[in-house]
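As a plain string of letters, each chain reads:
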Amino acid sequence: MKILLVAPMVPRADGPGAIPLLLHSQLIGLRQRHEVTLVTAVGDEPGEAEAVSALRADGVDAHVADRRRPAQRRERRRRRLRLARGWLGGSRPWRTVWFAEPGIQREIDRLTAAQRFDVAAVEDSSMAVYRFPAELPKVLTEHEVRRPRPIEWRPGLRPAAWGGWAFGELDWRRWPRFQREAWARCDLLQAFAGRDAEAIGELAPELAARVRVNPFGLAAPPPVDPAGEEPGTVLFVGNFTHPPNRDAARWLAGEIMPAVRERVPNSRLRLVGSSPPPEVCGLAGDGVEVIADAPSVRPHLEAASVVIAPVRIGGGMRMKVLHALASGKAVVTTTRGAEGYTEGQGPLPFFVADGAAEIAQATAKLLADVGRRRALGERAREFALAHHSPAAWAGRLEAVYAEAREPRGSRHG
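Note that the structure is predicted; figures quoted are calculated from it, not measured.

A. Structural context of the sheet that holds strand S13 (residues 351-352). Overall, parallel pairing links the six strands, which are arranged S10-S9-S8-S11-S12-S13 in an open sheet. Two strands in the sheet have a free side with no partner beyond their single neighbour: strand S10 (288-292) and S13. In this sheet, strand S11 (residues 306-309) lies alongside strand S8 (residues 233-237) in parallel orientation, the contact comprising two bridges. Of the residues in S11, the one forming a bridge with Leu235 is Val307.

B. Focus on the pairing of strand S6 (residues 188-191). Burial along S6 is two-sided: Leu188 and Gln190 and Leu189 and Ala191, pointing in opposite directions, are all buried. Judged from the four bridges that link them, strand S5 (residues 138-142) and S6 form a sheet pairing that is parallel. Counterpart to Val139 in the pairing with S6 is Leu188. Where S6 lies against strand S7 (residues 211-213), three bridges are found, and the strand directions are parallel. Each residue of the ladder has a partner; that of Gln190, found in S7, is Arg212.

C. Up close: unusual backbone geometry. Residues other than glycine seldom take positive phi values, yet Asp286 does so here, at roughly 55 degrees. With relative accessibility at 67%, the residue Asp286 sits in the exposed group. Phi is positive for Asp293, which is not a glycine, with a value near 50 degrees. Secondary-structure assignment places Asp293 in the loop between S10 and helix H11 (298-303). In this structure Asp293 comes out as partly exposed when scored by relative accessible area, which is 48%.

D. Representation of the packing of helix H9 (residues 243-263) against helix H13 (residues 356-367) within the structure. Put simply, H9 and H13 touch, their axes get as near as 8 Å, and they point 50 degrees apart. Judged by the angle between their axes, H9 and H13 are oblique. As H9 packs across H13, the resulting crossing turns out to be right-handed. Across the interface between the two elements, Trp251, Glu255, Ile256, Ala259, Val260 and Arg263 from H9 touch Ala356, Ala357, Ile359, Ala360, Gln361, Thr363, Ala364 and Leu367 from H13. By residue class, the composition of the contact of H9 with H13 is ten nonpolar, two polar and two charged.

E. Representation of the pairing of strand S4 (residues 119-123) in the model. Counting buried positions along S4 yields five of five residues, so the element is predominantly enclosed. The alternating pattern of S4 places Val119, Ala121 and Glu123 on one face and Ala120 and Val122 on the opposite face, and all of these are buried. Two elements, strand S1 (residues 2-6) and S4, share four bridges in a ladder whose sense is parallel. Along S4, the bridge assignment pairs Ile3 with Val119.

Conventions used here
- Residues numbered from 1 in each chain as written.
- Predicted model: local features only at pLDDT ≥ 70, side-chain atom pairs only at ≥ 80, totals over all residues.
- Heavy atoms only, no water.
- Pairing = 2+ DSSP bridges.
- Helix = DSSP H or I, 4+ residues; strand = E, 2+ residues; numbered from the N terminus.
- Buried < 20%, exposed > 50% of the residue type's maximum accessible area, 1.4 Å probe, protein only.
- Axes fitted to C-alpha atoms, helices over the stretch in contact; angles between N-to-C directions.
- Parallel < 35°, antiparallel > 145°, perpendicular 65-115°, else oblique.
- Left-handed = near helix turned anticlockwise from the far one by under 90°.
- Contact = heavy atoms within 4.5 Å.
- Nonpolar A, V, L, I, M, F, W, Y, C, P; charged D, E, K, R; others polar.

Taken by themselves, the reported measurements are silent on function.
Pasting the structure below:
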């Protein structure tokens, strides 16, 4: 197949956050079987421009718009005005306004006018704002469904932060309508786990038959060196701009780790992630270490005895869990953190618990038994390689893309 892959970020094996890693795995897997043309944009994130050069040097047909901050003051003002108008003058959420780079539309128009593609792989609903030829089948992968929620009142918020809070609350209320409109423009929809698939069906019942559950993949990193382990170290990794990760960090430091230390007194928690806000930085102390914006997560993975992901809110992908599994670490997570790894793949090579006491108990057992956690880590890596390698994921993607090319009345579901 000739696949047009339209992505919000540059695929990167070493990218910050989950999306560049996910896109990198997808691109690797699909290129082994198909002809892939990538359309994306380069921004101000360090390393993105170099990543584009590396992709092209590897033979990737990459077409890249420029989303970087203009050097000239006049152009910066024009850009800010365009973004402000995009949000104030419409009903789209800010994320979709930010990613709506005009250069991407120009690349899509140019490429689809010059050649015929079999399917467009549209990554994230923010990419569904672009126009595609009507006859081109489109598969939208929804990275995270935003559900309606009550207003999140934040007592004690400083007056200087009121504007940002109000903006965030107003912006969130734009998501349900925008998502329904974005989903309706595509032939098939993918979700990484059953919960998000169900959420799509609840928000847009008329589109439920178009949804497919397809757990994502990862280009596995080298296995960690057991000799680098620091006994008693519990690791949590996350992007702290994401509310579920902030919630998990507070829960870990406030309830779970005190219960772990009752069983394993020398244990300690290491929180590693990008952009930790004051509420996360303030957790440091009393057996809790906060490491902000680490150049690499790998040294912290090697040092960890147990990787823990006590996710209890949010949806989408659980890259932190898959990355730890693929690295060969013993993992403890919640039912929500295990979503996407329970879709008929057999026994899971990690502990799943939902209450603070149960999570603490599982963690303490692993901390106290080096043989058990090493064996679990070996099984975890085998599981990740078997079910979530780029090749395994590409096989599942291929089936969905092929289905999207069928006449609508002949599709399954």
